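Residue-level structural notes
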Protein chains: 2
Amino acid sequence: MQTISENRCYGGVQGVYSHASKVCGVDMTFAVYMPPQAKDGPVPVLWYLSGLTCTHENAMTKAGLQEHAAEFGIAVVFPDTSPRGEGVANDDAYDLGQGAGFYVNATQAPWAPHFRMYDYVTKELRDLVQKNFAVNSRHGITGHSMGGHGALTLAMNEPDLYQSLSAFAPIAHPSQSDWGRKQLSAYLGDDESLWAAHDATLLVKSKGWKGDILIDQGASDQFLDLLKPEALAGALAEARIPSTFRMQEGYDHSYYFVSTFGWDHMAWHAERLLG
Amino acid sequence: MQTISENRCYGGVQGVYSHASKVCGVDMTFAVYMPPQAKDGPVPVLWYLSGLTCTHENAMTKAGLQEHAAEFGIAVVFPDTSPRGEGVANDDAYDLGQGAGFYVNATQAPWAPHFRMYDYVTKELRDLVQKNFAVNSRHGITGHSMGGHGALTLAMNEPDLYQSLSAFAPIAHPSQSDWGRKQLSAYLGDDESLWAAHDATLLVKSKGWKGDILIDQGASDQFLDLLKPEALAGALAEARIPSTFRMQEGYDHSYYFVSTFGWDHMAWHAERLLG
């Protein structure tokens, strides 16, 4: 693991690191915020998964989560959203290939060799963070847009790995959306039954979640047709899953929306990770 | 005035606007955050002046000030740092010309026709903001690096316009720094006596300030040799100006430093603008 940068921030350290990923077959960059409380012993971790086109950097610089992480004593990990670089397959579209890993393990050409973000986030990067940072085994997960999809699907598929769960404006029903059908088809093939494990709305019905879930969605989000929040909200209610689903009047899809509700999400995770 | 974008943020609105500037002779872009309290009547304004290479956007997206502005009910204006575009003089160096206006009115070729950021910020944009937004006549000013220099020098030169003053890692003594000598020479000419009105350390000695001043400076700032905080700290003490000058252990020059102490500065201004 190499250190790219470390900056003092709210009494803790915002770091950016890279490592040779075996899972993705390329060097991967990620960011970790360690709060000041980590000096006194291991702290819980919140995973923040980012959306389409993002790297580790967008939320790190724009979401304002460090302030809240320092308040509650929680580390935050910001993974990249896909493998990158020469030799890694890509597509001209912004929503496929590099920057658009969708948190699945691709099985199809040309994506299969590198696009393994499911294993990368749940196994390899998790192990690396556990080994190299003062964190304990209490992990929460959240994310925005494609990253909200990632948070929901990873948590519901791997309930032993995560103790708390939330999402900002998640892609809620990708198997029925243009933000999903193209990508799941490209990465996983045309057998739609294989897509169900990566669709939050379907997972709510099939596997559910062991705890409760917080979801915020801007009511003026410019991508409501693609995100399909109504499918997830309906499924959560139908499956009687303890959850708070908030339609936030006037908010759009931007980081202004994420940062506005960042404290609420950090507090939600803190209550479940520290309590 | 044209609206480029408006996003709901912490219950208020983060807007980006452009207008045809008479002072700068080009279209200028700026950002304004209006807190939710502005619905109930005019609110005070904090001017945030940015540093070298920045536009209106850097602090708007990275400094996290909206949260604090919404807490206290203060509008924040983020001007650009220079005129820009075709027909506007520039230099290959990052620290001269576009993105590096230094908050002076240039008198020298080729800068004089457009580089009039002093008048732009203190007069034209101020009038525009007063006319188009629900703000009252209580104005504070702050800024980072070159913008900290701008905040200090504009306030000390125009004490009737500003009721509160702070700075983050300001260029504190530009007439004796490579961040200053080149630019003041280019914009104002070689008569160094004309530079004194744009040097915070010299202004503290000559004009002083009617109120008190808050300054934060990272002790691990990579630009300490250029910023020369010791000159300003010494001058403030020597001139017996009520002030709080904090060397913050471990912090560098980045927005992680600015955001960490953003609440403190907003609270400082709130106490003086709302009190």
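Counting from 1, residues in each chain are numbered in the order their sequence is written. The order in which chains are written sets their letters, starting at A; the order in which ligands are written sets their numbers, starting at 1. Thresholds applied to this predicted model are a pLDDT of at least 70 for local features of residues and 80 or more for the giving and counting of side-chain atom pairs; totals over whole chains, interfaces and linings are not thresholded and use all residues. With hydrogens and water set aside, each side-chain value is computed from the structure's full complement of heavy atoms.

**Looking at the UniProt feature "active site" (unreviewed entry) in chain A**
Residue and element names in this part refer to chain A. Basically, it comes down to this: UniProt positions are given in the numbering used here, feature names are shortened, and annotations may be inferred rather than shown by experiment. Only protein chains enter the area calculation, which uses a 1.4 Å probe; residues under 20% of their type maximum are buried, those over 50% are exposed, and those in between are partly exposed. Residues count as neighbours in contact if any of their non-hydrogen atoms are within 4.5 Å of one another.
When the UniProt feature table is mapped onto this chain numbering, "active site" (unreviewed entry) sits at Ser145, Asp221 and His253. On the basis of their most widely separated C-alpha atoms, the annotated residues across 109 residues gather in one place, lying no more than 10.8 Å apart. What makes serine 145 buried here is its relative accessible area of 4%. Discounting chain neighbours no more than four positions away, the residues touching serine 145 are Gly51, Phe168, Ala169, Pro170, Ile171, Trp179, Leu227 and His253. Looking at aspartate 221, the relative accessible area reads 5%, which means it is buried. Setting aside anything within four residues of it in sequence, one finds aspartate 221 in contact with Ala169, Leu227, Tyr251, Asp252 and His253.

**Notes on the relation of the copies chain B and chain A**
Selection criterion: The superposition of copies rests on a least-squares fit of C-alpha positions from residues with pLDDT of 70 or more in both.
Each copy superposes on the other: chain B lies on chain A with an RMSD of 0.0 Å after a rotation of 180 degrees and an axial shift of 0.0 Å. Both copies of the chain, as the preceding transformation shows, are related through a two-fold rotation axis. In terms of C-alpha distance to the rotation axis, chain B has lysine 62 of chain B as its closest residue, with the C-alpha 2.6 Å off the axis. Interface residue correspondence from chain B to chain A reaches 100%, placing this contact among same-surface, isologous pairings.

**A look at the pairing of strand β5 (residues 75–79) of chain A**
Residues and elements named next belong to chain A. Rules: Strands here are runs of E lasting at least two residues and helices are runs of H or I lasting at least four, both read from the DSSP assignment and numbered beginning at the N terminus. When DSSP locates at least two bridges between a pair of strands, those strands are taken to pair.
Among the five residues that make up β5, five are buried, leaving the element largely enclosed by the rest of the structure. Both faces of β5 are covered, namely the face carrying Ala75, Val77 and Pro79 and the face carrying Val76 and Phe78. Across four bridges, strand β3 (residues 27–34) lies against β5 in antiparallel orientation. Residue pairing in the sheet places phenylalanine 30 in a bridge with proline 79 of β5. As paired elements, strand β4 (residues 43–49) and β5 share three bridges and run parallel to each other. Its bridge partner being in β5, leucine 46 is matched across the sheet by valine 76.

**Concerning the sheet that holds strand β1 (residues 2–9) of chain B**
Residue and element names in this part refer to chain B. We apply this condition: The angle between two axes is taken between their N-to-C directions and runs from 0 to 180 degrees, where each axis is a line fitted to C-alpha atoms and a helix contributes only its stretch in contact.
Spatially, β1-β2-β3-β5-β4-β6-β7-β8-β9 is the arrangement adopted by the nine strands of the open sheet, whose pairing is mixed. Looking at the sheet topology across the chains shown, the edges are occupied by β1 and β9 (243–248). Here the strands of the sheet are splayed against their neighbours by 20 degrees on average, with no regard to which way each runs. Relative to strand β2 (residues 12–20), β1 runs antiparallel, the two sharing seven bridges. Each residue of the ladder has a partner; that of serine 5, found in β2, is valine 16. On the sheet, helix α3 (residues 117–132) packs against β2, β3 (27–34), β4 (43–49), β5 (75–79) and β6 (135–143) and is oriented at approximately 145 degrees with respect to β6.

**Some words on the interface of chain B and chain A**
Our working rule: Put simply, buried area is the surface a 1.4 Å probe can reach on two separate parts but cannot reach once they are joined, added for both. We call two N or O atoms a polar contact when they sit within 3.5 Å, provided that within protein one can donate a hydrogen and the other can accept it, with sequence-adjacent residues counted only if both atoms are side-chain atoms.
Contact residues are listed per partner, giving 22 residues for chain B and 22 residues for chain A. With both sides pooled, the region where chain B packs onto chain A buries about 1,800 Å², and carbon together with sulfur makes up 47% of that total. Together, Arg8, Tyr10 and Tyr256 of chain B form the three largest contributors to the area buried by chain B at its contact with chain A, with a combined 38%. Applying the counting criterion to the chain B and chain A interface returns twelve residue pairs in polar contact (both at pLDDT 80 or more). When contributions to the side of chain B that touches chain A are tallied by element, the ones reaching two or more residues are β1, α1 (57–62), α2 (65–72) and α9 (255–260) of chain B.

**So, the side chain of threonine 153 of chain A**
All names here are of chain A. In this structure, threonine 153 sits in helix α4 (residues 146–157). Given a relative accessible area of 1%, threonine 153 falls into the buried group. A distance of 2.8 Å separates the side chain of threonine 153 from the backbone oxygen of histidine 149, its partner in a polar contact.

**A closer look at helix α5 (residues 181–188) of chain A**
Residues and elements named next belong to chain A. Selection criterion: The reported arc concerns the directions from the helix axis to the C-beta atoms and nothing else.
Every buried residue of α5 is listed here: Gln183, Leu184, Ala186, Tyr187 and Leu188. Seen along its axis, α5 keeps its buried residues to an arc of 165 degrees; they face one direction. Glycine 189, located one to two residues past α5, shows a positive phi value of around 95 degrees.

**Concerning the pattern of salt bridges**
Any two side chains of opposite charge can pair, on the condition that their charged atoms come close. Residues and elements named next belong to chain A. Put simply, the rule reads: Think of a salt bridge as a Lys or Arg side-chain nitrogen and an Asp or Glu carboxyl oxygen that are within 4 Å of each other.
Overall, the coordinates contain 16 salt bridges over all chains when judged by the stated rule. One salt bridge in this structure joins lysine 182 and aspartate 95, with 2.7 Å as the shortest N-O distance. Of this pair, lysine 182 sits in helix α5 while aspartate 95 sits in the loop between β5 and α3 (117–132), and the two are 87 residues apart along the sequence. Assessed through its relative accessible area of 36%, lysine 182 is described here as partly exposed. Connected through shared salt-bridge partners, Arg116, Asp119 and Lys123 make up one network.

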